[in-house]
Amino acid sequence: NPPDVVIASDMNAITFLRNYYHILFSGVPVILCGVNSDLDCDFWEFDHNCIALTGSIPVSDNIQEIVNLYPDTKNIFVINDFTEAGLEWRAQISTRLASLSGDINIEYNEDRTLEDLMTTLRTLSNDAIVLFGHYNVDGKRIYYSQQEIQTRARQNCNVPIFGMMGGSIGYG
């Protein structure tokens, strides 16, 4: 029996669904969640039986609150992986943080191993904060949970750590 509805969350699931919808789920209603703002998708691909929920990352409000909590912040180190989702997060964060340039230095991680990232975190200056976006896969394409990554970050970092994902709460 086919499912009553198919819910695709995040771009990898949406890509899978676009490739296999007519083979596996033809005629089944589709809900797309976590849709990137630049999704090139026509609803006819899903028999016009589709709804897409777009979202944006609330970076501006969060950064304002962070700067209010830590007014001496001069550097923000932003961490995202280099998956499709991580690069989309990076682009959205970069766009929203552009207004801070000049006042606060914004630096982004490179596509390196988790251990290399931890080495970088150990060298951050006292006027920095860390902002985790979407990071689950390191430069060697090894998967880590948010909890594991942020627990390790906390052990290797002496500045405040903030996360943009719900799974970040309590680990930074």
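These numbers were taken from a predicted model, which means no experiment stands behind them.

Parameters at a glance
- Residues numbered from 1 in each chain as written.
- Predicted model: local features only at pLDDT ≥ 70, side-chain atom pairs only at ≥ 80, totals over all residues.
- Heavy atoms only, no water.
- pLDDT = per-residue confidence, 0-100.
- Helix = DSSP H or I, 4+ residues; strand = E, 2+ residues; numbered from the N terminus.
- Phe/Tyr/Trp six-rings, centres within 6.5 Å; stacked < 30°, edge-to-face > 60°.
- Buried < 20%, exposed > 50% of the residue type's maximum accessible area, 1.4 Å probe, protein only.

Asker: Would you mind going over the confidence of the model for the protein chain in detail, with residue names and values included?
Answerer: Mean pLDDT for the protein chain: 85, with 85% of residues reaching 70 or above. For the protein chain, strand 3 (residues 50-54) is the element with the lowest average pLDDT, namely 73, and helix 4 (residues 114-122) is the one with the highest, namely 97.

Asker: Describe the packing of aromatic side chains, with residues and values.
Answerer: One pass over the structure, following the stated rule, counts 2 aromatic pairs. Measuring from centroid to centroid gives 4.9 Å for Phe16 and Tyr20, while their planes differ by 35°, and the two rings are tilted. Of the two residues, Phe16 and Tyr20 are both situated in helix 1 (residues 11-24); the distance of 4 residues between them amounts to about one turn of the helix. Judged by relative accessible area, Phe16 falls into the partly exposed class, the value being 42%. Classification of Tyr20 by relative accessible area gives partly exposed; the value is 37%. Seen in terms of ring centroids, Tyr70 and Phe162 are 6.0 Å apart; in terms of plane orientation they differ by 70°. Their pairing is edge-to-face. Remark: Phe162 occurs in strand 7 (residues 161-163) and Tyr70 occurs in the loop between helix 2 (59-69) and strand 4 (75-79); sequence separation between them is 92 residues.

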